[in-house]
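Structural overview
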Amino acid sequence: MTQDSVAVLHDRFPTIGGSETFAIEAARVLDAPIFTMYVEPSLDVPSDVEIHAICQPKYTRGLSGRLLDWKNNGMNPFESASVAIDMTQGCDELIKYDVLLESGPLSKFYVPETHQRIVHYPHSPPRWLYDLFRDRMKRLDYPGIAFGARAYAKLWRALDKEAVDYVDTFVGNSELIRDRIRRYYGRDAEVVYPPVTGDWRNEGDDGYFLTWSRLDPEKRVDLIVEAFQGLDHRLVVAGDGQERQKLERMSEGHDNIEIRGFVEDIESLAAKATAVVYTPRQEDFGLVGAETLSAGKPLLGVDEGFTKNQVEEGVTGLLFDPSVESLRETVRAFDPSQFDRETIQSVAEQYRYETFEADLREVVFESERRFKSN
């Protein structure tokens, strides 16, 4: 197999989040270029990765750029539909690759040539269509809008499942996503954990609990802040997003709660934390949880999603129900002296970059060998 036979196809780069980081690291591991619909012009993308933006002017310039940029980061229905439609065409340069590692749920809309092998790493089947569908619909108060949204979702669901036919091998980022792929697509999947990168370390305990993530409703950071309003323990919140102002208002008058916004060197902040608190709604994988364990810090995690798989009670952390009182009781009962840094870090070995590298290469190249032998 030649070097030019593999490429990474990623939905789009509106920001550098978990899925974009995966695409970049996969390109490094496979020594492959990345093809994507567009790259947000303000992004500082790594210079060692070759990225081809297929439809850059359409998404970043003129009237179409302004329309498609509205309420972006996966929340713009026009942008998502446009990316899916453009993905079916791809570009002529993609045809020369024997294997495409697709990253992100919209990448599977690409219509492959007969010689191409498609390995699809969706991160998750679109959650607003499946496991979070009812929750999202409850937020729509107006009957007419709600009916239109349900009809729109039904159409999207049909198109999403049609695109599954183009995929030869599914890869989930956790056992939870493997199970979702089986449930919603009726297909089996390999599991390859995303890699933990960065200088994660343990430098003692400066007496504060820490949480960090994108500050949006699905992360439920407001639950953490509300819980610490009734506690004497310090809480530091790092991250930015649509809920930041709400969290800042919630923290007013509570000297034990600090909202720091985006923190570039999150590793140093985690290194001196007492423990990390994490409350995402049905988390797909939870890079924050994996990074916490890599730093040798206990994880106080919500008892749902893949987060509950990352917490071994009394060994790597404690679990709590997604409620304010349950979290308060857990923090009060937490004794950091009962947790061992080396034991926690040994559990995090499964998230090492070297493990990701070996597992990803095995899935991609083994799928190609099987394809050629048939």
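This section reports on the structure supplied with the text. (Residues numbered from 1 in each chain as written. Predicted model: local features only at pLDDT ≥ 70, side-chain atom pairs only at ≥ 80, totals over all residues. Heavy atoms only, no water.)

**Quick look at the overall build of the chain**
Put simply, the rule reads: Labels follow the DSSP assignment, with helices taken as runs of H or I lasting at least four residues and strands as runs of E lasting at least two, numbered in each case from the N terminus. Atoms considered for the radius of gyration are the C-alpha atoms alone. The globule rule reads 2.2 Å times the number of residues to the power 0.38. By the convention used here, residues are in contact when the closest approach between their heavy atoms is within 4.5 Å. Per-residue and other accessible areas were derived by the Shrake-Rupley procedure at a 1.4 Å probe size, with only the shown protein chains allowed to occlude residues. By the counting scheme adopted, Arg and Lys are positive, Glu and Asp are negative, and His together with the chain ends is not counted. Throughout, a charge is located at the NZ atom of Lys, the CZ atom of Arg, the CG atom of Asp or the CD atom of Glu.
When its secondary structure is counted, the chain shows 15 helices and 13 strands. Its C-alpha atoms give the chain a radius of gyration of 21 Å, near enough to 21 Å, the size a compact globule of 374 residues would have. Expressed as a percentage of contacts within the chain between residues at least 6 apart in sequence, the contacts between residues at least 24 apart total 62%. In the form shown here, the chain has an accessible surface area of approximately 17300 Å², with 47% of it arising from carbon and sulfur atoms. Computed over 44 positive and 66 negative side-chain charges, the inter-centroid distance for the chain is 6 Å.

**Let's talk about a nonpolar patch on the surface**
Stated formally: Note on patches: the residues involved have over 30% relative accessible area and no salt bridge, like charges join within 9 Å, and the nonpolar side chains Val, Leu, Ile, Met, Phe, Trp and Tyr join within 5 Å. Take a side-chain nitrogen of Lys or Arg and a carboxyl oxygen of Asp or Glu: if they are within 4 Å of each other, that pair is a salt bridge. A simple rule labels every residue: compare its accessible area, found with a 1.4 Å probe on the protein chains alone, to the largest value its type can have, and call it buried under 20%, exposed over 50%, or partly exposed in between.
Side chains of Leu 140, Tyr 142 and Ile 145 sit close together on the surface and give an oily, nonpolar patch of about 320 Å² of accessible area. Mapped onto the elements, Leu 140 comes out in the loop between α5 (133-138) and α6 (143-163). Relative accessible area serves as the criterion here: at 30%, Leu 140 is assigned to the partly exposed category.

**Describing the side chain of Glu 102**
Summarising the element assignment, Glu 102 is placed in strand β4 (residues 99-103). Buried charged residue Glu 102 carries no salt bridge. Nearest counter-charge: Lys 108, at 7.7 Å. Setting aside chain neighbours within four positions, we find Glu 102 in contact with Leu 9, Ser 107, Lys 108, Tyr 110, Ile 118, Val 119, His 120, Tyr 121 and Val 167.

**Focus on the sheet that holds strand β3 (residues 51-53)**
Counted only if it meets this: For two strands to count as paired, DSSP must find a minimum of two bridges between them. Between the N-to-C directions of two axes lies an angle of 0 to 180 degrees, each axis being a line fitted to C-alpha atoms and, for a helix, fitted only over the stretch in contact.
Strand order in the open sheet formed by seven strands is β3-β2-β1-β4-β5-β6-β7, and the pairing between neighbours is parallel. Two strands lie at the open edges of the sheet, namely β3 and β7 (189-191), each paired on one side alone. Neighbour-to-neighbour, the strand axes of this sheet turn through a mean angle of 25 degrees, independent of strand direction. Across the face of the sheet, helix α1 (residues 18-30) comes into contact with β1 (6-10), β2 (34-36), β4 and β5 (117-121) while running at roughly 175 degrees to β1. Lying on the sheet, helix α7 (residues 175-185) is in contact with β6 (169-172) and β7; it crosses β6 at an angle near 140 degrees.

**As for the nonpolar core**
Applied cut-off: By convention a nonpolar core is built from buried Ala, Val, Leu, Ile, Met, Phe, Trp, Tyr and Cys residues, the set being connected through side-chain atoms within 4.5 Å.
Counting 52 residues, the largest nonpolar core has Phe 209, Trp 212, Val 225, Phe 228, Leu 300 and Tyr 351 as the members making the most contacts within it. With six residues, helix α8 (residues 221-229) is the largest single contributor of residues to this core. One finds Met 37, Ala 84, Leu 106 and Trp 156 within the second-largest nonpolar core, a separate group that totals 33 residues.

**Side note on the environment of Ala 290**
Along the chain, Ala 290 falls in helix α11 (residues 287-294). For the pair Ala 290 and Tyr 351, spaced 61 residues apart in sequence, the C-alpha to C-alpha distance is 6.7 Å.

**Let's talk about the packing of α8 against helix α9 (residues 244-251)**
Helices that pack against each other are described as a pair by the angle of their axes relative to one another and the distance between those axes. Defined as follows: Each angle is binned into one of four classes, with values under 35 degrees roughly parallel, values over 145 roughly antiparallel, values of 65 to 115 roughly perpendicular, and all other values oblique. By the convention adopted, Pro, Cys, Tyr, Trp, Phe, Met, Ile, Leu, Val and Ala count as nonpolar, Lys, Arg, Asp and Glu as charged, and the other residues, Gly among them, as polar.
As a packed pair, α8 and α9 sit with axes 10 Å apart at the nearest point and diverge in direction by 5 degrees. Put simply, α8 runs roughly parallel to α9. Residue-level inspection shows Val 221, Asp 222, Val 225, Glu 226 and Gln 229 of α8 in contact with α9, the latter providing Lys 246, Leu 247, Met 250 and Ser 251. The residue makeup of the contact of α8 with α9, split by class, is four nonpolar, two polar and three charged.

**Considering the sheet that holds strand β9 (residues 234-238)**
If you trace the six strands from one edge of the open sheet to the other, you get β10-β9-β8-β11-β12-β13, paired in parallel fashion. Both edges of this open sheet fall to β10 (257-261) and β13 (317-320), since each of them pairs with a single strand only. The average undirected angle you get between the axes of adjacent strands in this sheet is 20 degrees. α11 rests against β8 (208-212), β11 (275-278) and β12 (299-302) of the sheet, and its axis sits at about 170 degrees to β11. Helix α13 (residues 324-333) contacts β8, β11, β12 and β13 of the sheet and is inclined by roughly 155 degrees relative to β13.

**Points about α1**
Worth spelling out the cut-off: Multiplying 1.5 Å by the residue count of a helix minus one yields the expected span of that helix.
Helix length check: α1 (13 residues) gives 18 Å between terminal C-alpha atoms against 18 Å at 1.5 Å per residue, within 8%. Three or more residues of α1 are buried, namely Glu 20, Phe 22, Ala 23, Ile 24, Glu 25, Ala 26, Ala 27, Val 29 and Leu 30. Positioned one or two residues after α1, Asp 31 has a phi angle of 50 degrees, which is positive.

**Considerations on the pairing of β4**
Buried residues dominate β4, accounting for five of its five residues. Burial along β4 is two-sided: Val 99, Leu 101 and Ser 103 facing one way and Leu 100 and Glu 102 facing the other are all buried. In the sheet, β4 pairs with β5 via five bridges, with the strands oriented parallel. For Leu 100, the partnering residue across the bridge sits in β5 and is Ile 118.

**Remarks on the pairing of β12**
Filter applied, for reference: Whether a crossover is right-handed depends on one test, that the path from the first strand over the helix to the second runs clockwise when the strands point away from the viewer.
Residues of β12 alternate between two faces, with Leu 299 and Gly 301 on one and Leu 300 and Val 302 on the opposite face, all of them buried. With three bridges joining them, β11 and β12 adopt parallel strand pairing. Paired with Tyr 278 across the bridge in β12 is Gly 301. Viewed along the sheet, the connection from β11 through α11 into β12 turns out right-handed. As defined by bridge partners, β12 adjoins β13 across four bridges and the pair is classed as parallel. Residue Leu 300 lies in a different strand from β13, and its bridge partner there is Leu 318.

**As for the environment of Ala 26**
Examined against the element boundaries, Ala 26 turns out to sit in helix α1. Between the C-alpha atom of Ala 26 and that of Ala 7, which follows or precedes it by 19 residues, the distance is 9.6 Å. When residues no more than four places from it in sequence are discounted, the contact partners of Ala 26 are Val 8, Leu 101, Phe 356 and Leu 360.

Fair warning: the whole summary comes from geometry, so function is off the table for now.
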